[in-house]
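Take a look at the letters that make up each chain.
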Amino acid sequence: PITIKTKMQNEEQKYSLSAVARRMANIGILTVPTKSNKRSTIKWRDIVLHNINDSYWHNFEEREVLGLALVAGKRSGGLECIDVDCKYDLDGNLMEMVLDTIMDASTDLYNKLVIARTPSGGYHIMYRTKRERRNMKLAQRLRTQEEIDADPELKGVNQPLVLVETRGEGGYFLGWPSPGYTFTKGNYAEIMDITDQESDLLIEICKSFDKVPKKVTIEDAT
């Protein structure tokens, strides 16, 4: 069992992962069990909440299961996650800058967001949207020369590192109560719908942190 503390009950209780998965289903979020490598232990792409049977819940009780992942997209009511990967942030203030930009643009939008911290020090920004988008890379940066030299498999090629990306239709992302995941703002029961305009605004804000130089075409130059 995993010890968790929820704002809904404001006290510590012990739940099995299957019990947490059931609670998540009650608020319209489909979850899947995962192994230590973050891979699902089941074939999940055809599972929907309204036709889950008892054997599905037992999957969360298998010995190899160490975590729980949230299925993004319409099967979880339009759930989308923006993953801010701070381990590749050279300046050390990426998440702060993202949140400050969101707040400057719309405090109403910021107030609707649920945020969790990941084991690597990154963040998940969660909300529901009617925009049916698949996983997208929103912001990247080029590797430093030291990073290129440290990875012989790159063979000198500068492959960008992802700073910000989404998990949308067809994807999933790990979350609490998986080890190392904690809420910093709200919780799953507080995930809200945002408007199409707010959804588009979030994506554009995140894209503004892209640090990879754009290729100039003949049309751009004229």
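Residues numbered from 1 in each chain as written. Predicted model: local features only at pLDDT ≥ 70, side-chain atom pairs only at ≥ 80, totals over all residues. Heavy atoms only, no water.

Colleague: Describe the overall build of the protein chain, with residues and values.
Modeller: For the protein chain, the helix and strand inventory stands at seven helices and eleven strands. A burial count over the protein chain gives 47% of its 222 residues as buried. Once local pairs closer than 6 in sequence are excluded, the contacts in the protein chain between residues at least 24 apart make up 74%. Only carbon and sulfur atoms are counted for the fraction: they give 47% of the accessible area of the protein chain, which is about 12500 Å². For the protein chain, the centre of its 31 positive side-chain charges and the centre of its 33 negative side-chain charges are spaced 5 Å apart. (Helix = DSSP H or I, 4+ residues; strand = E, 2+ residues; numbered from the N terminus. Buried < 20%, exposed > 50% of the residue type's maximum accessible area, 1.4 Å probe, protein only. Contact = heavy atoms within 4.5 Å. Areas by Shrake-Rupley, 256 points an atom, 1.4 Å probe, with all protein chains shown as cover. Lys, Arg positive; Asp, Glu negative; His and termini not counted. Charge placed at Lys NZ, Arg CZ, Asp CG, Glu CD.)

Colleague: Give a detailed account of the nonpolar core, specifying residues and quantitative values.
Modeller: Counting residues in hydrophobic clusters, the biggest one holds 32 residues, and the most contacted among them are Tyr56, Leu70, Met126 and Tyr188. If you list the elements that add at least two residues to this core, you get helix H1 (17-26), helix H2 (54-58), strand S4 (67-71), strand S5 (79-84), strand S6 (114-117) and strand S10 (172-175). For Leu70, the contacting residues outside a window of four places in its chain are Met24, Ile29, Leu30, Thr31, Leu79, Gly171, Tyr172, Phe173, Gly175 and Tyr188. In this structure, Ile82, Val84, Ile115 and Leu163 belong to the second largest nonpolar core, which totals 25 residues. (Core = buried A, V, L, I, M, F, W, Y, C linked by side-chain atoms within 4.5 Å.)

Colleague: How would you explain the environment of Gly73 if you had to name every residue and give the values?
Modeller: Structurally, the position occupied by Gly73 is in the loop between S4 and S5. Along the chain, Gly73 and Arg63 lie ten residues apart, while their C-alpha atoms are 28 Å from each other. Apart from the residues within four sequence positions on either side, Gly73 is in contact with Gly78, Leu79, Gly168 and Glu169.

Colleague: Can you tell me about the side chain of Lys112, naming the residues and giving the values?
Modeller: If you trace the backbone, Lys112 turns up in helix H4 (residues 107-112). Among the residues examined, Lys112 registers a relative accessible area of 19% and is labelled buried. Of the polar contacts made by the side chain of Lys112, one reaches the side chain of Glu198; its length is 2.9 Å. Each residue touching Lys112, except ones within four places of it in the same chain, is listed here: Lys185, Glu190, Met192, Asp193, Ile194 and Glu198. (Polar contact = N/O pair within 3.5 Å; in protein donor to acceptor, adjacent residues only side chain to side chain.)

Colleague: Explain the confidence of the model for the protein chain to me, using residue names and the numbers behind them.
Modeller: Counting all residues, the mean pLDDT for the protein chain is 89, and 90% of those residues have values of 70 or more. For the stretch residues 1-13, pLDDT sits under 50, and the model shows 31 contacts to residues farther than four places along the chain or on other chains. (pLDDT = per-residue confidence, 0-100.)

Colleague: How would you explain the sheet that holds S6 if you had to name every residue and give the values?
Modeller: The pairing of strands in a sheet happens through backbone hydrogen bonds and is either parallel or antiparallel. Judged by pairing direction, the sheet is antiparallel, and its six strands sit side by side in the order S8-S9-S5-S7-S6-S11 without closing on themselves. Of all strands in the sheet, those bounded by a partner on one side alone are strand S8 (137-141) and strand S11 (182-185). In this sheet, neighbouring strand axes are inclined to one another by 20° on average, regardless of whether the strands run parallel or antiparallel. Sheet topology places S5 next to strand S9 (residues 161-167); four bridges connect them, and they run antiparallel. Counterpart to Asp83 in the pairing with S9 is Glu165. In the packing of helix H3 (residues 94-105) onto the sheet, the strands contacted are S5, S6, strand S7 (123-128) and S9, and the crossing angle to S7 comes to about 30°. (Pairing = 2+ DSSP bridges. Axes fitted to C-alpha atoms, helices over the stretch in contact; angles between N-to-C directions.)

Colleague: Break down the side chain of Asp83 for me, citing the residues and quoting the values.
Modeller: Along the chain, the position of Asp83 falls in strand S5. Other than its neighbours up to four places away in sequence, Asp83 contacts Tyr123, His124, Leu163, Val164 and Glu165.

Colleague: Account for the pattern of salt bridges, naming residues and giving values.
Modeller: Across all of its chains, the model carries ten salt bridges by this definition. Between Glu198 and Lys112 there is a salt bridge; the shortest N-O distance is 2.9 Å. In this pair, Glu198 sits in helix H6 (residues 196-207) while Lys112 sits in helix H4, placing the two residues 86 residues apart along the sequence. Each member of the pair Glu198 and Lys112 is classed as buried. Of the charged contacts, one joins Arg141 and Glu147 as a salt bridge, the two residues approaching to 2.8 Å between their closest N and O atoms. (Salt bridge = Lys/Arg side-chain N within 4 Å of Asp/Glu carboxyl O.)

Colleague: Break down the packing of H3 against H6 for me, citing the residues and quoting the values.
Modeller: One can describe the packing of H3 onto H6 by two numbers: an axis separation of 10 Å at closest approach and a directional angle of 140°. Relative to H6, H3 is oriented oblique. With respect to the hand of their crossing, H3 and H6 are arranged in right-handed fashion. On H6, the residues that touch Val98, Thr101, Ile102 and Ala105 of H3 are Leu201, Leu202 and Ile205. Here the residues of the contact of H3 with H6 sort into six nonpolar, one polar and no charged. (Parallel < 35°, antiparallel > 145°, perpendicular 65-115°, else oblique. Left-handed = near helix turned anticlockwise from the far one by under 90°. Nonpolar A, V, L, I, M, F, W, Y, C, P; charged D, E, K, R; others polar.)

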